[in-house]
Amino acid sequence: MKEITSFPKVSLGCFPTPFYKMENLSRKLDMSIYVKRDDLSGLAAGGNKTRKLEYVLADAMAQKCDTVITTGQAQSNHAVLTAVACRKVGLEPILVLKKRGVTGIKGNMLLNKIVDADVRFVDSDHYEDVYREMDLVAEEQEQKNRRPYQIPLGASVPLGCLGYAAGVIELFAQADQRGTRIDHIVCASGSGGTQAGLIVGAKILNKDTKIIGILTSPEQDFDKLVYNLALDTCKLLETDLNISKEDIILKEYIGPGYGLPSAEGTSAIKLVACTEGFLLDPVYTGKAFGGLLSLIREGYFKKNETIVFIHTGGLPALFAVDADYESKQELK
Ligand SMILES: *Cc1c(COP(=O)(O)O)cnc(C)c1O
């Protein structure tokens, strides 16, 4: 097996991120719930894409590219972190975003403006159209003698997953140090790379920890996508870690739709802010934590089991979602 440390990496964030027990909430729910604060990863407003981009942008630089093209929704955390990371390492960012969900200059749209990202909107609901536009933008850049590097949605490619294989190894080292066994890891899943990376990293360490991905947007065959990403990451590492379909655990807590606040998500945001004093977001982590609370209520976990929630970031969305959404009103 190739060592993860043998892959080139650019330093973009502040690691290790904090890991600790959510004491107040654990007491309240009579459970052991820990949090891995990847929202504090240190690049712009933080979040999970930082770990992925450390490997993906290193690859762009190794290939002597000077321009990076990526995509996402209008309020994409991945797109903005890519733009900020590009500025930090001297690459030119171009963001080809889906037009739906444009909110004006707030949240991540504001951050894109601060770092002068070249933002292009595609008026389509289908990523095929967006990827076609990315190809056109790449051609346009080549004609200008630029060397473009394309990053697909969420940087969920094997090199990006490597960031989370390394991330979970960092987490287990912290847990071992404090003598904490981890039975379950819960994270929001969107393009699958975080979950796939967590699965691969846990396998490398031979842990039987269950990795639970919580889907916050409706996706078809998402389990296959995560499975294939995990296999492709193993291929990159030149190893066979015996990953099976049973390793892919998915739960859906979408609410009214992707990016639209849900009642469960909103109440999870309030609960965590009022007990633990940190902020979840309405698009991913609020819904994922709401899902975790539902699973606890349904008796999915045993009382003596330890759960780690990966806080994947997303803070800017808290300030971007339209205030006229019903569930946002509940925050007032
Ligand atoms: C992108 C994102 C996720 C989902 O991660 P994937 O690797 O795309 O599955 C979860 N939470 C936040 C805040 C994100 O920005």
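Calculation rules
Residues numbered from 1 in each chain as written. Predicted model: local features only at pLDDT ≥ 70, side-chain atom pairs only at ≥ 80, totals over all residues. Heavy atoms only, no water. Phe/Tyr/Trp six-rings, centres within 6.5 Å; stacked < 30°, edge-to-face > 60°. Helix = DSSP H or I, 4+ residues; strand = E, 2+ residues; numbered from the N terminus. Buried < 20%, exposed > 50% of the residue type's maximum accessible area, 1.4 Å probe, protein only. Lys NZ or Arg CZ within 6 Å of the ring centre and 35° of its normal. Near = heavy atom within 4 Å. Polar contact = N/O pair within 3.5 Å; in protein donor to acceptor, adjacent residues only side chain to side chain. Pairing = 2+ DSSP bridges. Axes fitted to C-alpha atoms, helices over the stretch in contact; angles between N-to-C directions. Salt bridge = Lys/Arg side-chain N within 4 Å of Asp/Glu carboxyl O. Patch = residues over 30% accessible without salt bridge, like charges linked within 9 Å, V, L, I, M, F, W, Y side chains within 5 Å. Areas by Shrake-Rupley, 256 points an atom, 1.4 Å probe, with all protein chains shown as cover.

When you look at the packing of aromatic side chains in this model, what are you seeing that I'm missing?
A ring pair, where both rings are aromatic, is described by two values, the distance of the centres and the angle of the planes. Scanning the model with the defined rule gives five aromatic pairs in all. Centroid distance phenylalanine 289 to phenylalanine 309: 4.9 Å. Interplanar angle 75 degrees. Geometry classified as edge-to-face. Remark: phenylalanine 309 occurs in strand 10 (residues 306–310) and phenylalanine 289 occurs in helix 10 (residues 285–297); sequence separation between them is 20 residues. The burial state of phenylalanine 289 is the same as that of phenylalanine 309; both residues are buried. Taking the ring centre of phenylalanine 278 as reference, the NZ or CZ of arginine 37 above it sits at 4.4 Å.

Please explain the site of the ligand as it appears in this structure.
Taken together, the neighbourhood of the ligand is formed by 16 residues, with Lys49, Lys52, Ser191, Thr194 and Thr312 sitting nearest. A distance of 2.9 Å separates an oxygen atom of the ligand from a polar side-chain atom of lysine 49. The separation between an oxygen atom of the ligand and a polar side-chain atom of serine 191 is 2.5 Å. Counting only elements with at least two residues in the shell around the ligand, the list comes to helix 2 (49–62), strand 7 (184–189) and helix 7 (193–204).

It is not clear to me how the sheet that holds strand 10 should be interpreted in this structure. Could you clarify?
By way of backbone hydrogen bonds, the strands of a sheet pair with one another, either parallel or antiparallel. The strand order across the open sheet formed by six strands is 1-2-10-7-8-9, and the pairing between neighbours is mixed. Each of the sheet's edge strands pairs with one partner strand only, and the pair in question is strand 1 (19–21) and strand 9 (249–252). Sheet twist, expressed as the average angle between the axes of neighbouring strands with direction ignored, equals 25 degrees.

What should I look at first to understand the pattern of salt bridges in this one?
Side-chain pairs of opposite charge can arise where the charged atoms are in close proximity. Evaluation of the coordinates by the stated rule reveals 17 salt bridges. A salt bridge links arginine 181 to aspartate 183; its shortest N-O distance comes to 2.7 Å. Judged by relative accessible area, which is 51%, arginine 181 ranks as exposed. Salt bridges sharing partners connect three or more residues here, namely Lys36, Asp38, Arg51 and Glu170.

Could you clarify how one ought to interpret a nonpolar patch on the surface in this entry?
Residues Ile105, Leu110 and Ile114 make up a contiguous nonpolar surface patch of about 290 Å² in total accessible area. On the secondary structure map, leucine 110 appears in helix 4 (residues 108–114).

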